[in-house]
Amino acid sequence: MWDGEAAWAALPAVLEGFGVTVLATVPAFAVAVVLGLALAVVHRAGPAWLALPVRAAGAFVRSTPLLVQLFAAWVLVPSLDAPVLGVLVLGTHYATYLSEVYRTGIDAVPKGQWEACTALSLPRRRVWRAVVLPQAVRNVLPPLGNYAVSMFKETPLLSVITVHEMVHEANTFGSTHFAYLESFTLAAAVFLLASWPTSVLVRRLEARLGH
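Residues numbered from 1 in each chain as written. Predicted model: local features only at pLDDT ≥ 70, side-chain atom pairs only at ≥ 80, totals over all residues. Heavy atoms only, no water.

**Section: the pattern of salt bridges**
Then, in step 1: The tally for this structure, following the rule as stated, stands at three salt bridges.
Then, in step 2: Ionic pairing is found between Asp-107 and Arg-44, a salt bridge with its closest N-O pair at 3.0 Å. Taken together, the residues span a long stretch of sequence, with Asp-107 in helix H4 (residues 82–107) and Arg-44 in helix H1 (residues 4–45) at a distance of 63 residues.
Then, in step 3: When its relative accessible area of 45% is taken as the criterion, Asp-107 is described as partly exposed.
Then, in step 4: Judged by its relative accessible area of 37%, Arg-44 is partly exposed.
Then, in step 5: Arg-103 is the salt-bridge partner of Glu-100, the closest N and O atoms lying 2.6 Å from each other. Taken together, the positions of Glu-100 and Arg-103, both in helix H4 and three residues apart, correspond to about one turn of that helix.
Then, in step 6: Note on Arg-103: relative accessible area 24%, which makes it partly exposed. (Salt bridge = Lys/Arg side-chain N within 4 Å of Asp/Glu carboxyl O. Helix = DSSP H or I, 4+ residues; strand = E, 2+ residues; numbered from the N terminus. Buried < 20%, exposed > 50% of the residue type's maximum accessible area, 1.4 Å probe, protein only.)

Here's what the structure looks like:
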C-alpha cells in the first residue's frame, strides 16, 4: 500500500541519484556524438586498412550487451573511477550506433553535390567540413535525440560498477526502509518527467525537418 510519508522521505535520495544520472548521461552522449561521427567518416572515407577494423569493432560492440561491456571494462581497468569508466563505456557503446546513423545521413547527401565539389576541385577536407557534414548532421538530428533518450534510460546499468545513479539510490532506500513501491515509483516518475519533453521535442523536430 502506498505510503506518502515514505515517498516524501525517499524523494531526496531519488533526486540525488537523478543528479548522478544526468552527470553520466550528458558527457556520455557527448562522447557518443563525437566518436560516432569520427567512426562514420572513417567508415565512409577512410582507407580500407583502417575502415575494415573500425567496421568490425563497431559490429562487435553492437552485438554484445552493454552490461557485459561494463563488467569487462570494470575488470580490465580497475584503476579508473567508476563514474568515468561508466561514461566512457556508455559513450563508446552508443557511438557505434550513432556512427550508423551518421553514415545514413552522409549517404543521403545528394550525389549531385558530391559531383559539384569534384568539378570545383574543392579540397577533400573542405568538402566534408563545409558541404557534407552540415547536411548529414541536420538529417540525423531526430535519431540523435531518440538515442539520447535511450541512453538516459539505460544509465541504471551503471549501478553494476557501483555508480550510485537514480535506480541504485531508489533500491538502496527501498531496502533500508522497506519502501520499494514508493522509491521505485518516484524513480519511474522522474524518468518520465525528464524524458517526455525530450521525446516531444524530437517529434516536433522530425516533423519540421520532414517538410
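The rest of the description comes next.
**A few points about unusual backbone geometry**
Then, in step 1: Of note in the backbone geometry, Thr-162 takes a positive phi value of approximately 70° without being a glycine.
Then, in step 2: Of note, Thr-162 is situated in the loop between helix H7 (141–154) and helix H8 (166–177).
Then, in step 3: Residue classification places Thr-162 among the partly exposed positions, given a relative accessible area of 45%.

**Thoughts on H8**
Three or four residues apart is the spacing at which side chains of an α-helix point the same way, because the helix has 3.6 residues per turn.
Then, in step 1: A rise of 1.5 Å per residue sets the reference length of H8, with its 12 residues, at 16 Å; its end C-alpha atoms lie 16 Å apart and thus fit the reference within 8%.
Then, in step 2: When H8 is considered as a whole, its buried residues turn out to be Met-166, Glu-169, Ala-170, Phe-173 and Gly-174. End-on, the buried residues of H8 take up no more than an arc of 135°, which puts them together on one face.
Then, in step 3: Its side-chain oxygen 2.8 Å from the backbone nitrogen of Val-167, Glu-165 forms the N-cap of H8.
Then, in step 4: One or two residues past the end of H8 sits Phe-178, with phi positive at roughly 55°. (Expected span 1.5 Å × (residues − 1). Arc of directions from axis to C-beta. Polar contact = N/O pair within 3.5 Å; in protein donor to acceptor, adjacent residues only side chain to side chain.)

**Let's talk about the layout of surface pockets**
Unoccupied space between atoms shows up once a probe the size of one water molecule is rolled over them.
Then, in step 1: One number sums up the size of the largest pocket: a volume of about 160 Å³.
Then, in step 2: Lining the largest pocket are Phe-18, Val-22, Thr-25, Val-26, Phe-29, Ala-148, Val-149, Phe-152, Ala-194, Ser-195 and Thr-198.
Then, in step 3: Of all the elements in the fold, those that place two or more residues in the lining of the largest pocket are H1, H7 and helix H9 (180–210).
Then, in step 4: The leading source of residues in the lining of the largest pocket is H1, at five residues. (1 Å grid on protein atoms, 1.4 Å probe; cavity = no way out; pocket = protein on both sides within 12 Å on 5 of 7 lines; lining within 4 Å. Points joined across faces, edges and corners; volume = space filled by probe spheres on them.)

**A few points about the packing of helix H3 (residues 66–76) against H4**
Then, in step 1: Two elements in contact, H3 and H4, have axes separated by 10 Å at closest approach and are oriented at 140°. Taken together, the axes of H3 and H4 lie oblique to each other. With respect to the hand of their crossing, H3 and H4 are arranged in right-handed fashion. Within the contact between the two elements, H3 uses Leu-66, Gln-69, Leu-70, Ala-73 and Trp-74 and H4 uses Leu-85, Gly-86, Val-89, Leu-90 and His-93.
Then, in step 2: In the contact of H3 with H4, the residues fall into seven nonpolar, three polar and no charged. (Axes fitted to C-alpha atoms, helices over the stretch in contact; angles between N-to-C directions. Parallel < 35°, antiparallel > 145°, perpendicular 65-115°, else oblique. Left-handed = near helix turned anticlockwise from the far one by under 90°. Contact = heavy atoms within 4.5 Å. Nonpolar A, V, L, I, M, F, W, Y, C, P; charged D, E, K, R; others polar.)

**Quick notes on the confidence of the model for the protein**
Then, in step 1: Overall, the prediction assigns the protein a mean pLDDT of 90, with 98% of residues at 70 or greater.
Then, in step 2: Across the protein, the secondary-structure element scoring lowest on mean pLDDT is helix H5 (residues 111–119), at 79, and the one scoring highest is H3, at 95. (pLDDT = per-residue confidence, 0-100.)

**Looking at the environment of Leu-122**
Then, in step 1: Within the secondary structure, Leu-122 sits in the loop between H5 and helix H6 (124–139).
Then, in step 2: Considering only alpha carbons, one finds Leu-122 and His-168, 46 residues apart in sequence, at a separation of 53 Å.
Then, in step 3: Not counting residues within four places of it along the chain, the set of residues in contact with Leu-122 comprises Cys-117 and Val-127.

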